[in-house]
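Listed here are the chains, written in short residue letters.
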Amino acid sequence: MKIAIHGRNFNESARPFIENMFNELRTRKIEVQLSRPFRTFLDQTGISHYSHLVYEKPEELFDARLVVSMGGDGTLLETISHVGKRQIPAIGINVGRLGFLATVSPERIADMIAALESSQFRIDERTLVSIESNIDLFDGLNFGLNDFTITKTDTSSMITVHTYLNQEFLNSYWADGLIVSTPTGSTGYSLSCGGPVLVPHSQNFIITPISPHNLNVRPLVVEDTAVIRLEVKSRSNNFLVSLDARSRVVDENTQLTVRKADFTARLIKMKDDSFLNTLRSKLSWGLDMRN
């Protein structure tokens, strides 16, 4: 079996679990390819590993059966961008903080490896959001698992986002920005801005304004077959666009269209991994003395 691993810096408390993971992979004779940043981090911290295979660009990723993300949800979002249209299944080990996507604890790494090798898992297909523009915004990586966001730049006043839904005018949002979120991203930035939580396979997008000037403007749930066109006006003549963890400043002549990608992200879930359980745990639902 071949697997690729991408990761970020993690706390020293996770070291023994990571070392045990590589020992377990070596014992099982599993071929491993590491991302360049993760390989550099392992070498700098003195964590031993046996892999000499490294990838620096998504196209250098070998024919892995699956990809392991080591970090938090942000690391898993990066991992999905590495996989892209190849749709290699990905699983997240949570050595970060709050995690709705990276749900495997370091203590369960050995159990995870055994389950992966014996195919004791399920594949969870997740919708991706895709961005079309008159310029190349994100070096060809125009898809995201969580959300696409437009925000004002640090020094500018609020912006106006003229929004069209399937060529019909929806609204002009006078706000600090606007989020178009997938169901997966509904527990992220959109949630902190008052958006609803959607179950992962609800086949919808959420349009969520960020600090709107008009208090009667609220998040809107639309079908994920919708085509959302955005025109932005700003006094500074520029604004910030973000797609998951990638962002850049563009001018207001930039044309933006948001739609569902024609491929999905395939997340590996252990058999006891439940979205509703994760929701209760991460949001502390039910922690009431009446329960």
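Residues numbered from 1 in each chain as written. Predicted model: local features only at pLDDT ≥ 70, side-chain atom pairs only at ≥ 80, totals over all residues. Heavy atoms only, no water.

**Some details on helix α2 (residues 36-45)**
For step 1, the next point in the chain: For α2, the set of buried residues is Phe38, Arg39, Phe41 and Leu42. Buried residues along α2 cover an arc of 160° about the axis, so they all sit on one side. Every exposed residue of α2 that faces more than 90 degrees away from the buried side is listed here: Pro37 and Gln44.
For step 2, the next point in the chain: As for α2, its buried residues are in contact with β1 (2-7), α1 (15-27), β2 (31-35), β3 (53-55) and β4 (66-71). (Buried < 20%, exposed > 50% of the residue type's maximum accessible area, 1.4 Å probe, protein only. Helix = DSSP H or I, 4+ residues; strand = E, 2+ residues; numbered from the N terminus. Arc of directions from axis to C-beta. Contact = heavy atoms within 4.5 Å.)

**Regarding the UniProt feature "binding site: NAD(+)" (unreviewed entry) in the chain**
For step 1, the next point in the chain: When the UniProt feature table is mapped onto this chain, "binding site: NAD(+)" (unreviewed entry) is found at Asp73, Gly74, Asn146, Asp147, Asp176, Thr187, Gly188, Tyr189, Ser190, Leu191 and Ser192. A stretch of 120 residues holds the annotated residues, and the largest C-alpha distance among them is 24.5 Å, long enough that they do not meet in one place.
For step 2, the next point in the chain: Locating Gly74 in the fold gives a position in helix α3 (residues 73-83).
For step 3, the next point in the chain: Residue class for Gly74 comes out partly exposed when judged on its relative accessible area of 24%. (UniProt positions renumbered as here; feature names shortened; annotations may be inferred.)

**Things to note about the sheet that holds strand β11 (residues 177-181)**
For step 1, the next point in the chain: One open sheet holds the six strands; their spatial order is β13-β12-β11-β8-β15-β16, and the pairing between them is antiparallel. Edge strands, defined here as strands with exactly one partner in the open sheet, are β13 (220-223) and β16 (246-251). Averaged over neighbouring strand pairs, the angle between their axes works out to 20° when direction is ignored.
For step 2, the next point in the chain: Pairing of strand β12 (residues 204-210) with β13 involves four bridges; the strand directions are antiparallel. Directly across from Phe205, in β13, lies its bridge partner Val222. (Pairing = 2+ DSSP bridges. Axes fitted to C-alpha atoms, helices over the stretch in contact; angles between N-to-C directions.)

**A closer look at the domain arrangement of the chain**
Accessible area lost during the coming together of the parts is what is often quoted as the interface size.
For step 1, the next point in the chain: Split into domains, the chain comes out as domain 1 (2-121 + 270-283) and domain 2 (128-261).
For step 2, the next point in the chain: Spacing between the C-alpha centres of domain 1 and domain 2 amounts to 29 Å.
For step 3, the next point in the chain: Listed per partner, the contact involves nine residues of domain 1 and 14 residues of domain 2.
For step 4, the next point in the chain: Here domain 1 meets domain 2 over a buried area of about 990 Å², counting both sides, of which 85% is carbon and sulfur. (Domains from an automatic or database assignment. Buried area = accessible area lost by both parts, 1.4 Å probe.)

**What to know about the UniProt feature "active site" (unreviewed entry) in the chain**
For step 1, the next point in the chain: Mapped onto the present numbering, the UniProt feature "active site" (unreviewed entry) falls on Asp73.
For step 2, the next point in the chain: Take Asp73: it is sitting in helix α3.
For step 3, the next point in the chain: Owing to a relative accessible area of 15%, Asp73 belongs among the buried residues under this scheme.

**Some thoughts on the pattern of salt bridges**
For step 1, the next point in the chain: In total, this model carries 16 salt bridges according to the counting rule given.
For step 2, the next point in the chain: Here Asp176 ties to Lys152 by a salt bridge, and the two come within 3.7 Å at their closest N and O atoms. Highlighted residues: Asp176 in the loop between β10 (168-175) and β11 and Lys152 in the loop between β8 (147-151) and β9 (159-165), separated in sequence by 24 residues.
For step 3, the next point in the chain: Three or more residues are tied together by salt bridges with common partners; here these are Glu12, Arg15 and Glu19. (Salt bridge = Lys/Arg side-chain N within 4 Å of Asp/Glu carboxyl O.)

**Quick word on the nonpolar core**
For step 1, the next point in the chain: Membership of the largest hydrophobic core comes to 29 residues, with the highest contact counts inside it found for Ile5, Ile18 and Met21.
For step 2, the next point in the chain: Breaking this core down by element, the ones donating at least two residues are β1, α1, β2, α2, β4, β5 (90-94), α4 (109-117) and β17 (256-270).
For step 3, the next point in the chain: In terms of residue count, the dominant contributor to this core is α4 (five residues).
For step 4, the next point in the chain: If we skip the residues at most four places from it in the chain, Ile5 touches Met21, Phe22, Leu25, Val32, Gln33, Leu34, Ser35, Phe38, Tyr55, Val68 and Met70.
For step 5, the next point in the chain: Formed by 26 residues, the second largest nonpolar core is a distinct cluster that contains Phe138, Phe148, Ile207 and Leu256. (Core = buried A, V, L, I, M, F, W, Y, C linked by side-chain atoms within 4.5 Å.)

**A short note on unusual backbone geometry**
For step 1, the next point in the chain: Positive phi, normally seen in glycine, also occurs at Asp139, with a value near 50°.
For step 2, the next point in the chain: Note on placement: Asp139 falls in the loop between β6 (121-133) and β7 (143-144).
For step 3, the next point in the chain: Its identity is not glycine, yet Asn237 carries a phi of approximately 65°, on the positive side.
For step 4, the next point in the chain: By secondary structure assignment, the location of Asn237 is in the loop between β14 (228-233) and β15 (238-243).

**A look at the side chain of Thr160**
For step 1, the next point in the chain: With respect to the helices and strands, Thr160 occurs in strand β9.
For step 2, the next point in the chain: Take Thr160: its relative accessible area is 8%, and that puts it in the buried class.

**Regarding the environment of Gly46**
For step 1, the next point in the chain: Within the element layout of this structure, Gly46 appears in the loop between α2 and β3.
For step 2, the next point in the chain: Of the residues examined, Gly46 reaches a relative accessible area of 52% and is grouped as exposed.

**Some words on the packing of aromatic side chains**
For step 1, the next point in the chain: Using the criterion set out here, one finds four aromatic pairs in the structure.
For step 2, the next point in the chain: Aromatic side chains Phe10 and Phe41 sit 4.9 Å apart centroid to centroid with 80° between the ring planes, which places their arrangement in the edge-to-face category. Highlighted residues: Phe10 in the loop between β1 and α1 and Phe41 in helix α2, separated in sequence by 31 residues. Each member of the pair Phe10 and Phe41 is classed as buried.
For step 3, the next point in the chain: Each ring, one from Tyr164 and one from Phe169, has its centre 5.5 Å from the other, and the planes form 65°; the classification is edge-to-face.
For step 4, the next point in the chain: Aromatic rings pair up to connect Phe10, Phe38 and Phe41 into one cluster.
For step 5, the next point in the chain: Against the face of Phe138 rests Arg246, its NZ or CZ located 5.9 Å from the ring centre. (Phe/Tyr/Trp six-rings, centres within 6.5 Å; stacked < 30°, edge-to-face > 60°. Lys NZ or Arg CZ within 6 Å of the ring centre and 35° of its normal.)

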